[in-house]
Amino acid sequence: MVDGDQGLTVEGLTKRFGTVTAVDTLSFRVSRGQILALLGPNGAGKTTTLLCLAGLLRPDAGRIAWDGRVLGPTRGRDVALIPETPEVYDMLTVWEHLVFVARSCRLRDGWEEEAARLVDRLGIADQRDTLGEALSKGMRQKLLLACGVLAATPVLLLDEPMIGLDPRGQRELRDLLVELRRREVAIMVSTHLLEYMEGLCDGLLIIKRGRALAAGPIQDLRREHGGRSLEDVFLEMTES
Amino acid sequence: MIPSPTLPTRGEGKAAGGDLKALAYLDWRLLVNRVRAIARDPKRLIPWLIFLAWFGLQVPLRLAIGSSRRTPRLPGVLLAGAASLAPGVYLVIAGLVLRAACRRAPAPFSSPADARFLIGSAIPPRLVMLWLQLRALRGQAWRWSAAVVIYFVALPTLTPNLGQAATTMVALALAASFLLGLRLPLFLVARRNPRLPLVYLTDLVTLAGVVSLAAAVARLLNYEVPRLDLPPGSVLVAAIGGDLGALALLFALALGAGALSIALSGDTYPELWETSVRSFTLRRWLRSGEMPSRGDLRRARQDAGLQTRARTTVASDRGTHVPPGAWTQLWKEWLGLRRGLPGGDVTLLLIVGACIAAGLVLGLLARQGPRGLSVGLGGVLGSLLLTFNLVGSYRIGPDLRNPLWWLSAADLQARLLVVNLAGTLKQFLPVTLIIFFAALAAAQPLVFVIGAPLAFAVVWDLRAIGLATYSLFPNPADIRGPGGVLRFMVFYALAIPIFASTLVVGGITRSFVVGGVMGVTVALAEGILLVLFAAWRIGSNGLAFARAERQ
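Under the counting rule described, the total for this entry stands at 21 salt bridges over all chains. Across the salt bridge formed by A:Asp24 and A:Arg211, the nearest N and O atoms sit 3.3 Å from each other. Of the two residues, A:Asp24 sits in strand β2 (residues 20-30) while A:Arg211 sits in strand β10 (residues 211-216), which places them 187 residues apart along the sequence. Ionic pairing is found between B:Asp203 and B:Arg99, a salt bridge with its closest N-O pair at 2.7 Å. With B:Asp203 in helix α8 (residues 198-220) and B:Arg99 in helix α3 (residues 76-103), this residue pair connects regions lying 104 residues apart in the sequence. By relative accessible area, B:Arg99 is classed as partly exposed at 28%. Among the ionic contacts, a cluster of salt bridges with common partners joins A:Arg58, B:Arg191, B:Asp267 and B:Glu271.

This is the structure we're talking about:
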């Protein structure tokens, strides 16, 4: 953890849908170069939290800041979200998606090499000229991942990124996230795959009914619960 | 490894010019790839080429017919009647659209990907909004141009020349753009000032429209009431009539509303996205010719993370009176209709009320209104029903995809016949309600005796034609183009034996009723044959149809 206002700071985030409070005064921090796992049972408010952070939902209350700078309505420029349902343009090829991201995000010259390396690494280089409509769910996910990384936002949010990826893709994703951590990107991953995240993330945030149940480094949490596995800890906290 | 030194960084130097280039690149590549995708499957082009050739041939033919002095013109009384109703109708529509705008922002994105990529880009929101408005304008231009051509081709007697048709469509497009442009500003005002009684103000607009409409109907029924042709509907009527000042005013209103939308769109992404998610679902379903249920919309919102997964429970039907075999399909459709209707019983009551009102107005106009107006308006309603069934899409993919559908002990023919019956009843019941009250108000029971069975037979045949065409063109895009032409042709072809049998049997027996019964019987038999044809096509290959429908 980095002290001060470095990284993504979320304070008192609240989102209601009518009478239902989906996210309830949630506060946490994701430092530069940190991977935070967002865990919770179904309907806990994970996706809603990510959508609020990405600027796709308007929170009812709370403050979202990057390096101490409050992120306003256009925070989509600072926060890239890879959604659970990978939505791509049916009528753009893989490469054209990357061209559009590069131009619309005003990337400086040299992005082509980076984009080529990304598609190669994620195993979609031979799909370069394939239209979005012909891509499988896993391929779409990889494409969105490539777009999200290429956009070079300081914050990357991933919602259930492993669903749809084959074992090779899951390993590449893990390696890529480690790389991005080295680049000091703040990463937040919402998932149900506890074992996958255990060896990867630096910290975790467990939520239920929109409220934080636990937050902090995994080892600290396990130690507090007598050294039991993350799965046991998670089940104990969310089912109590 | 991705070496950090080559990490692309976001440049701040390239401003609006670069952003516009990015947006232009997006739309250009979407267009190019769409054309390529169409060209990739040349077989699919054949019915389209036949369709376009047919359409192209119609234009000179219609020109010749339209310029002929012997061509009967649409009665002036119908045009005058429609013009007198237009201001009220426009205000009612405006009131309802603006009421919805108080609660919900417009949905400008064209697809979920469009929303995600544009919102996540570094392009300023106002520029994105300007681009989306230009896109909408482009869509409107295409739509209304097509409408001008179809209007001109299909109804040569409605308008003396193409210029008049074009003026009408431009005026309608501007009036629609004005209304649509007002939605975002109104939504923002309502959001920032929740205590303002804006919804009540929009209800007043609707009420003013109803009063204007009632006054227009009363005048048509020869009652002495003052004219209440209120703007902007009256401006629209003047513009359609060729008044350049009115046309300029409509243009200024549309431009102003659009500019206001762009100016206020700096912080509206979350709301635009939320409404867009709903709109994507609606559009997907409307393209398939059906309304989404509340459950469909709720699922779409849940999938998009816009709503928590609240459990909806309803009292289960005890199933004691459920018909067996293929008839179970009818019970399932009934449950779906009751539970899926947006707005529930209120919507049902509104539909019933509207049908009763329409029937009463038509009947009263027939009794004491201008000669021919009632028949003309009834004809317009009938042609709307015809167009809806012949041009709209057809969809049974959700059934074909469902394993439960294939578990049924009843054979496919029987199930498709019941599906056709369910689809027929959904349209037949409101139509019959209109006919019944029209006959009642006009004091002509024969209208109901003849009209109701005729309406059933026509809708039954139309649904069967839709199903048979679906079994040839399951893709929603194809079923609207070449499939639409095929349906028109089949409809006219099927009308021949119906009329022939009616005339022959009616002539032999010298009984209009017997002839009518014969015609209705032939129509029903034709429908059954078409359903059997569809069953033969779809049988044991249902999933392929469901997949083709989803493309």
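Looking now at the packing of helix α2 (residues 94-104) of chain A against helix α3 (residues 111-121) of chain A. Residues and elements named next belong to chain A. Where α2 meets α3, the closest approach of the two axes is 11 Å, and the angle between their N-to-C directions is 140°. Taken together, α2 and α3 sit at an angle that is classed as oblique. Relative to α3, the crossing made by α2 is right-handed. Of the residues in α3, those touching α2 at Val 94, Trp 95, Leu 98, Val 99 and Ala 102 are Trp 111, Glu 112, Ala 115, Ala 116 and Val 119. Grouping the amino acids of the contact of α2 with α3 by side-chain chemistry returns 9 nonpolar, no polar and 1 charged.

Right, let's talk about the environment of A:Arg209 for a bit. Residue and element names in this part refer to chain A. Position of Arg 209 relative to the elements: it lies in the loop between β9 (203-208) and β10. Take Arg 209: its relative accessible area is 65%, and that puts it in the exposed class. Along the chain, Arg 209 and Arg 182 lie 27 residues apart, while their C-alpha atoms are 33 Å from each other. If we skip the residues at most four places from it in the chain, Arg 209 touches Thr 21, Ala 22, Asp 24 and Ala 44.

Let us now look at the packing of aromatic side chains. Residue and element names in this part refer to chain B. Per the counting criterion, the structure on display carries 8 aromatic pairs over all chains. The interplanar angle of 15° and the centroid separation of 6.5 Å between the aromatic rings of Phe 456 and Trp 460 together place this pair among those described as stacked. Taken together, the positions of Phe 456 and Trp 460, both in helix α19 (residues 445-470) and 4 residues apart, correspond to about one turn of that helix. Given the relative accessible area of 19%, Phe 456 is considered buried. You can call Trp 460 buried: its relative accessible area is 7%. Relative to Trp 536, the ring of Phe 533 lies with its centre 5.9 Å away and its plane at 40°, an arrangement referred to as tilted. Note that Phe 533 and Trp 536 are positioned in helix α22 (residues 512-538) at a spacing of 3 residues, about one turn of the helix.

The predicted structure's coordinates, where accompanied by low pLDDT, should not be read in detail. Residue and element names in this part refer to chain B. In the predicted model, chain B carries a mean pLDDT of 78, and the fraction of residues at 70 or more is 79%. Within chain B, no element has a lower average pLDDT than helix α12 (residues 294-303), which sits at 62, and none a higher one than helix α10 (residues 244-263), at 90. Contacts for the low-pLDDT stretch residues 1-13, under 50 throughout, to residues beyond four places or in other chains number 39 contacts. Scored as a whole, the predicted complex attains pTM 0.70, and scored at its interfaces, ipTM 0.86.

All right, on to the pairing of strand β6 (residues 79-82) of chain A then. Residues and elements named next belong to chain A. Residues Val 79 and Leu 81 of β6 are buried on one face, and the alternating residues Ala 80 and Ile 82, pointing to the opposite face, are buried as well. When β6 meets strand β7 (residues 155-159), the two strands line up parallel, connected through 4 bridges. Bridge pairing links Ala 80 to Leu 156 in β7.

Here we take up the environment of B:Arg34. Along the chain, B:Arg34 falls in helix α1 (residues 16-39). In the structure, B:Arg34 is positioned 462 residues away from B:Ile496 in sequence and 40 Å away in space, judged by C-alpha atoms.

Parameters and conventions
- Residues numbered from 1 in each chain as written.
- Chains lettered and ligands numbered in written order.
- Predicted model: local features only at pLDDT ≥ 70, side-chain atom pairs only at ≥ 80, totals over all residues.
- Heavy atoms only, no water.
- Salt bridge = Lys/Arg side-chain N within 4 Å of Asp/Glu carboxyl O.
- Helix = DSSP H or I, 4+ residues; strand = E, 2+ residues; numbered from the N terminus.
- Buried < 20%, exposed > 50% of the residue type's maximum accessible area, 1.4 Å probe, protein only.
- Axes fitted to C-alpha atoms, helices over the stretch in contact; angles between N-to-C directions.
- Parallel < 35°, antiparallel > 145°, perpendicular 65-115°, else oblique.
- Left-handed = near helix turned anticlockwise from the far one by under 90°.
- Contact = heavy atoms within 4.5 Å.
- Nonpolar A, V, L, I, M, F, W, Y, C, P; charged D, E, K, R; others polar.
- Phe/Tyr/Trp six-rings, centres within 6.5 Å; stacked < 30°, edge-to-face > 60°.
- pLDDT = per-residue confidence, 0-100.
- Pairing = 2+ DSSP bridges.

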